[in-house]
Amino acid sequence: MKRLLLAVLLFTTMVCSAYAAFHQLKYRGTIAGNRVEVAFSYNTGDNSTNFQPYWIDDSYCRYTKYPDCILTLRHKSSPTSKYWIMNEYDGGRYTGKWKVRQTKNGLVGTFTSAKGKVYKVNLTFVEDYDTWDWAY
């Protein structure tokens, strides 16, 4: 009976701690002066990664002027890198590359379009515990 109770307790602890490590890092700001919202799927780390943070699947961006047009961001760097590098896709079509770095309040950097034009990225961190449903 003690073994069963210990196993249930251990399983519950593992499930709770794995869930608690997931975060949706949310930002609002501009790309080339256009308002955007960005949501990164992030995990602070667990036993399998020796508590090193990692990205979970893809992340997403949308221009607030076109809220139904959700762009996919595929991470090319780790969350601990100096610069976060991501490729951006619209329905599977490559649309550009992000290169941003963390600041005290958010992210700054550049977006280079598939045609080679470079635009400024300026995002502010959103402190909100609710997940953005559109970002899945």
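Our structure is the block above this text.
Because the structure is predicted, anything quoted here is derived from the model rather than measured. The residue numbering used here restarts from 1 in each chain and proceeds along that chain's sequence as written. Only residues with pLDDT of at least 70 get local features here, since the model is predicted, and only at 80 or more are side-chain atom pairs given and counted; chain-wide, interface and lining totals rely on the full set of residues. Side-chain descriptors were evaluated using all non-hydrogen atoms of the structure, hydrogens and water having been removed beforehand.

Asker: Teacher, can you tell me more about the nonpolar core here?
Answerer: Nonpolar side chains tend to gather and get buried jointly when the protein is soluble and globular. What is meant by a nonpolar core is a set of buried Ala, Val, Leu, Ile, Met, Phe, Trp, Tyr and Cys residues, joined one to another through side-chain atoms within 4.5 Å. Three labels apply to residues, based on accessible area from a 1.4 Å probe with only protein chains included: buried if under 20% of the type maximum, exposed if over 50%, partly exposed otherwise in between. In terms of nonpolar packing, the biggest core is built from 19 residues, with Tyr27, Val38, Phe40, Trp84, Trp98 and Leu123 touching the most fellow members. Secondary structure is summarised from DSSP: a helix means a run of H or I of at least four residues, a strand means a run of E of at least two, and numbering begins at the N terminus for each. Going through the elements one at a time, β1 (22-31), β2 (34-43), β5 (70-75), β6 (83-90), β7 (93-102), β8 (106-113) and β9 (118-125) are the ones with two or more residues in this core. By residue number, the principal contributor to this core is β2, which donates four residues. Grouped together as the second largest cluster of nonpolar side chains are six residues, Ala39, Val126, Trp132 and Ala135 included.

Asker: Looking at this structure, I do not really get the side chain of His75. What am I missing?
Answerer: With respect to the helices and strands, His75 occurs in strand β5. Under this definition, polar contacts are N or O atom pairs within 3.5 Å; protein pairs additionally need one hydrogen-donor-capable and one acceptor-capable atom, and for neighbouring residues in sequence, both atoms have to be side-chain atoms. Here Ser59 takes part through its side chain, which lies 2.8 Å from a polar atom of the side chain of His75. Those residues within four positions of His75 in sequence are excluded, and the remaining contacts are Phe40, Trp55, Asp57, Ser59, Ile85 and Met86. Contact criterion: two residues are considered in contact whenever any of their non-hydrogen atoms come within 4.5 Å of each other.

Asker: Explanation requested: the packing of aromatic side chains in the structure shown.
Answerer: Each aromatic ring pair is characterised by the separation of its centres together with the angle its planes make. What counts as a ring pair is set by centres within 6.5 Å for rings of Phe, Tyr and Trp (its six-membered ring), and what kind of pair is set by the plane angle: stacked under 30 degrees, edge-to-face over 60, tilted for all other angles. All told, the structure shown has 10 aromatic pairs when counted by the stated rule. Here a set of aromatic residues connected by ring pairs shows up, and it is made of Tyr27, Phe40, Tyr42, Trp55, Trp84 and Phe125. Its guanidinium or amino end placed over the ring of Tyr89, Arg74 lies 4.6 Å from that ring's centre, counting from NZ or CZ. Note on geometry: a ring has a charge over it if NZ (lysine) or CZ (arginine) is within 6 Å of the ring centre and within 35 degrees of the ring normal. Over the ring of Tyr83 we find Lys99; its NZ or CZ atom is 4.6 Å from the centre of that ring.

Asker: How should I be thinking about the pattern of salt bridges in this particular structure?
Answerer: It is possible for side chains of opposite charge to pair when their charged atoms get near one another. Should a side-chain nitrogen of Lys or Arg be within 4 Å of a carboxyl oxygen of Asp or Glu, the pair is scored as a salt bridge. Here the structure, examined in full by the defined rule, presents four salt bridges. The closest approach of N and O atoms between Glu37 and Arg62, which form a salt bridge, is 2.9 Å. Linking Glu37 in strand β2 with Arg62 in strand β4 (residues 59-63), this pair joins segments that are 25 residues apart in sequence. The exposure classification of Glu37 matches that of Arg62, with both residues buried. With its nearest N and O atoms 3.7 Å apart, the salt bridge here joins Asp90 to Arg93. On the basis of relative accessibility, which here comes to 28%, the residue Asp90 falls in the partly exposed class. Since its relative accessible area comes to 52%, Arg93 is described here as exposed. In the salt-bridge network here, residues are joined through shared partners; they are Arg28, Glu37 and Arg62.

Asker: In this structure, what is going on with unusual backbone geometry? I would like to understand it.
Answerer: The phi torsion at Asn50 lies on the positive side, around 55°, for a residue other than glycine. By the element assignment, Asn50 lies in the loop between β2 and β3 (54-55). Despite not being glycine, Asp57 has its phi angle at roughly 55°, a positive value. Mapped onto the fold, Asp57 is located in the loop between β3 and β4.

Asker: Whenever I open this one, a positive patch on the surface confuses me. Can you help?
Answerer: Patches here: salt-bridge-free residues with over 30% relative accessible area, like charges joined within 9 Å, nonpolar side chains (Val, Leu, Ile, Met, Phe, Trp, Tyr) joined within 5 Å. Areas reported as accessible are Shrake-Rupley estimates using a 1.4 Å probe. Residue values count occlusion only from the protein chains shown. Counted as positive: Lys and Arg. Counted as negative: Asp and Glu, with His and the chain ends omitted from the count. For this purpose, a charge sits on NZ of Lys, CZ of Arg, CG of Asp or CD of Glu. On the surface, a cluster of positive charge is contributed by Lys82, Lys97, Lys99 and Arg101. With respect to the element layout, Lys97 can be found in strand β7. Accessibility expressed as a relative area gives 38% for Lys97, which makes it partly exposed.

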